[in-house]
Amino acid sequence: MYVMLPRRLLCPCTQLTMPPAVPYLDQPPTPLCFFRDWVCPNRPCIIRNALQHWPALQKWSFPYLRATVGSTEVSVAVTPDGYADVVRGDRFVMPAERHLPLSHVLDVLEGQAQHPGVLYVQKQCSNLATELSQLLSDLEPHVPWASEALGKIPDAVNFWLGEAAAVTSLHKDHYENLYCVVSGEKHFLLHPPSDRPFIPYEMYTPASYQLTEEGTFKVVDEEAMEKVPWIPLDPLAPDLARYPSYSQAQALRCTVQAGELLYLPALWFHHVQQSHGCIAVNFWYDMEYDLKYSYFQLLDSLTKAAGLN
Ligand SMILES: O=C(O)CCC(=O)C(=O)O
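Residues numbered from 1 in each chain as written. Predicted model: local features only at pLDDT ≥ 70, side-chain atom pairs only at ≥ 80, totals over all residues. Heavy atoms only, no water.

1. A closer look at the overall build of the protein chain
Working step 1: What the protein chain contains, in helices and strands, is 8 helices and 19 strands.
Working step 2: The C-alpha atoms of the protein chain give 20 Å as radius of gyration, which agrees with the globular expectation for 309 residues (19 Å, within 12%).
Working step 3: Principal axes of the C-alpha set define a box for the protein chain whose edges measure 60 × 50 × 30 Å.
Working step 4: Looking at the protein chain as a whole, 52% of its 309 residues are labelled buried.
Working step 5: Of the contacts formed within the protein chain by residues at least 6 apart in sequence, a portion of 83% connects residues at least 24 apart. (Helix = DSSP H or I, 4+ residues; strand = E, 2+ residues; numbered from the N terminus. Rg over C-alpha atoms; globule rule 2.2 N^0.38 Å. Buried < 20%, exposed > 50% of the residue type's maximum accessible area, 1.4 Å probe, protein only. Contact = heavy atoms within 4.5 Å.)

2. Regarding the sheet that holds strand β18 (residues 269-274)
Two pairing modes exist for strands in a sheet, parallel and antiparallel, and in both the strands are linked by backbone hydrogen bonds.
Working step 1: Pairing in this open sheet of 5 strands is mixed, and the strands run β4-β10-β18-β12-β16 from one edge to the other. Every other strand in the sheet has two partners, leaving β4 (83-84) and β16 (252-257) as the edge strands with one partner each.
Working step 2: For β4 and strand β10 (residues 167-171), the ladder comprises 2 bridges, and the chain directions are parallel. Among the inter-strand pairings, Ala84 is bridged to a residue of β10, identified as Thr168. (Pairing = 2+ DSSP bridges.)

3. Regarding the pairing of strand β6 (residues 91-94)
Working step 1: Pairing geometry for strand β5 (residues 86-88) and β6, over 3 bridges, is antiparallel. Looking across to β6, one finds that Val87 is bridged to Phe92.
Working step 2: Taken together, β5 and the strand that follows it, β6, pair antiparallel across an intervening segment of 2 residues, in which Gly89 is found at a positive phi of about 65 degrees.

4. Considering the packing of helix α4 (residues 62-69) against helix α5 (residues 102-109)
Working step 1: Orientation of α4 relative to α5, taken along the N-to-C sense of each, is 160 degrees, at an axis distance of 9 Å. Here α5 runs roughly antiparallel to α4, going by the angle between their axes. α5 is crossed by α4, and the crossing has left-handed handedness. Contacts between α4 and α5 pair Phe62, Leu65, Arg66 and Val69 from the former with Leu102, Ser103, Leu106, Asp107 and Leu109 from the latter.
Working step 2: Per-class residue counts for the contact of α4 with α5 are 6 nonpolar, 1 polar and 2 charged. (Axes fitted to C-alpha atoms, helices over the stretch in contact; angles between N-to-C directions. Parallel < 35°, antiparallel > 145°, perpendicular 65-115°, else oblique. Left-handed = near helix turned anticlockwise from the far one by under 90°. Nonpolar A, V, L, I, M, F, W, Y, C, P; charged D, E, K, R; others polar.)

5. Details of the pattern of salt bridges
Working step 1: What the rule picks out here adds up to 13 salt bridges.
Working step 2: As a salt-bridge pair, Arg48 and Glu260 come within 2.9 Å of each other at their nearest N and O atoms. Taken as a pair, Arg48 in the loop between β2 (45-47) and α3 (55-59) and Glu260 in the loop between β16 and β17 (261-264) lie far apart in primary sequence, 212 residues in all.
Working step 3: The class of Glu260 is buried, set by a relative accessible area of 6%.
Working step 4: Between Arg88 and Asp81 there is a salt bridge, and its shortest N-O distance comes to 3.0 Å.
Working step 5: For Arg88, a relative accessible area of 33% corresponds to the partly exposed category.
Working step 6: Through salt bridges with shared partners, a single ionic network connects Arg66, Asp107 and Glu110. (Salt bridge = Lys/Arg side-chain N within 4 Å of Asp/Glu carboxyl O.)

6. So, the UniProt feature "domain: JmjC" (unreviewed entry) in the protein chain
Working step 1: Mapped onto the present numbering, the UniProt feature "domain: JmjC" (unreviewed entry) falls at residues 121-300.
Working step 2: With 12% helix and 40% strand, the stretch residues 121-300 has end C-alpha atoms that lie 32 Å from each other. (UniProt positions renumbered as here; feature names shortened; annotations may be inferred.)

7. A few points about the site of the ligand
Working step 1: Lining the immediate surroundings of the ligand are Tyr120, Trp160, Thr168, His171, Asp173, Asn177, Tyr179, Lys186, His270, Val272, Asn282 and Trp284.
Working step 2: Side-chain polar atom of His270 to an oxygen atom of the ligand: 3.0 Å apart, as the coordinates give it.
Working step 3: Protein chains shield 99% of the accessible area of the ligand, which is 290 Å² for the free molecule.
Working step 4: Listing elements by their share of the shell around the ligand, those giving two or more residues are β10, β11 (175-183), β18 and β19 (278-286). (Near = heavy atom within 4 Å. Polar contact = N/O pair within 3.5 Å; in protein donor to acceptor, adjacent residues only side chain to side chain. Areas by Shrake-Rupley, 256 points an atom, 1.4 Å probe, with all protein chains shown as cover.)

8. A word on the confidence of the model for the protein chain
Working step 1: In the predicted model, the protein chain carries a mean pLDDT of 94, and 94% of its residues have values of at least 70.
Working step 2: Across residues 1-5 the pLDDT falls below 50, and counting only partners more than four positions away or on other chains, this stretch makes 8 contacts in the model. (pLDDT = per-residue confidence, 0-100.)

9. Things to note about the sheet that holds strand β9 (residues 156-162)
Working step 1: Spatial strand order, β1-β2-β17-β11-β19-β9-β8-β3-β7: 9 strands in an open sheet with mixed pairing. Whereas interior strands pair on both sides, the edge strands pair on one side only; in this sheet they are β1 (24-25) and β7 (96-101).
Working step 2: Here β11 pairs with β19 via 8 bridges, running antiparallel. In the sheet register, Tyr179 faces β19, and the bridge partner there is Asn282.

10. Remarks on the environment of Tyr24
Working step 1: You can see Tyr24 is positioned in strand β1.
Working step 2: On the basis of relative accessible area, Tyr24 is assigned to the partly exposed category, the value being 39%.
Working step 3: Dropping the residues within four chain positions of it, Tyr24 is found in contact with Ile46, Arg48, Thr255 and Glu260.

This is the structure in C-alpha cells:
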C-alpha cells in the first residue's frame with residue numbers, strides 16, 4: 001500500500017526542525033541557550049571554539065598517540081568493505097572485532113603495515129576510558145555547558161579513529177550526541193526524525209564477519225540473537241526503485257572540521273564518513289523520554305501501520 005498522506009502531514013514538522021544547512025555557532029552557547037535553541041527544538045548545530053582548551057587539539061597526532069598509547073591494545077572493527085553494522089543480502093552484518101596495539105592500527109593507516117579489510121577503532125562502550133585511559137587527561141570528561149543543560153553526565157565517551165574507507169551506515173540513536181572532531185574531518189549525512197516514514201526498515205538475521213587465517217572474510221550467523229530492524233538503504237546510492245518513498249526525505253549534509261563540535265540531537269538519522277586517519281571523541285547523553293520521543297514513536301507506529309515501513 002502506498003500512502004501520500006505523511007508528506008503533507010509532515011511538511012510543517014520538517015520545516016520546523018529542518019534548517020537549509022546545519023547552522024554554525026562561533027562559541028559555545030550558555031546552558032540555557034543550548035537547551036532553549038537546540039535541544040528543545042531538536043535541531044543540530046556545529047559549534048566552533050568549544051574545544052580549544054583541550055590539550056588533545058594540539059597534542060593528538062600519530063607520533064603522540066604512538067608515544068603515549070602505541071602499545072595499548074584496542075578493539076578494532078574490521079570489515080571487508082569499510083561498512084560495519086550494515087545490511088548485506090538478508091543479513092544484518094556486524095564487524096569482526098580484533099584486539100590490536102594502537103601502533104599497529106597507526107602503521108596500517110600510514111601504509112607501513114598491512115591488515116586484511118578496513119580498520120576502524122569505534123567501540124562504542126566508552127572506549128576512551130576503558131581502553132585508552134592515558135588519553136583522558138587531554139580533554140574534559142564531559143561538555144560542561146551541555147551537561148548542565150541536559151542535567152546529566154554522558155553515558156559514554158567514545159574514541160574514533162579509522163581509515164577513509166570506514167563508513168558508518170544510516171542509523172539513529174537515543175542519545176544527545178556531542179561529536180568533537182580532534183583531527184581531520186567527518187562528513188555527516190543527516191535526516192530529521194520526521195523523515196522516518198520515508199526511511200525503510202526491515203528485519204534481518206544478525207550475523208558477524210569472521211576473519212579467517214588466510215585473511216578472507218566470512219559471514220557467520222549470530223544464532224543466539226533475535227532478528228534486528230535495520231535500514232537497508234544506502235543514502236549515497238539509494239535504490240529508489242525499491243524504496244521510492246526515500247525520494248521524499250530531505251538529507252542535510254555537513255562536514256565537521258578539526259576543533260569543531262557537532263550537536264547531533266537524539267533520534268536524527270545519520271550516516272558518517274571521514275578523512276583518512278580522522279580522530280574524534282563523542283559524548284553520548286541519554287535522551288529524555290519526553291514528548292519528542294513519544295512523537296517519534298507515534299510516527300514510527302503510523303509508518304508501520306500505513307505499510308510504509
Ligand atoms: O563517527 C562515526 O563513524 C559514527 C558516529 C556515530 O554514529 C555516532 O556518534 O552515533
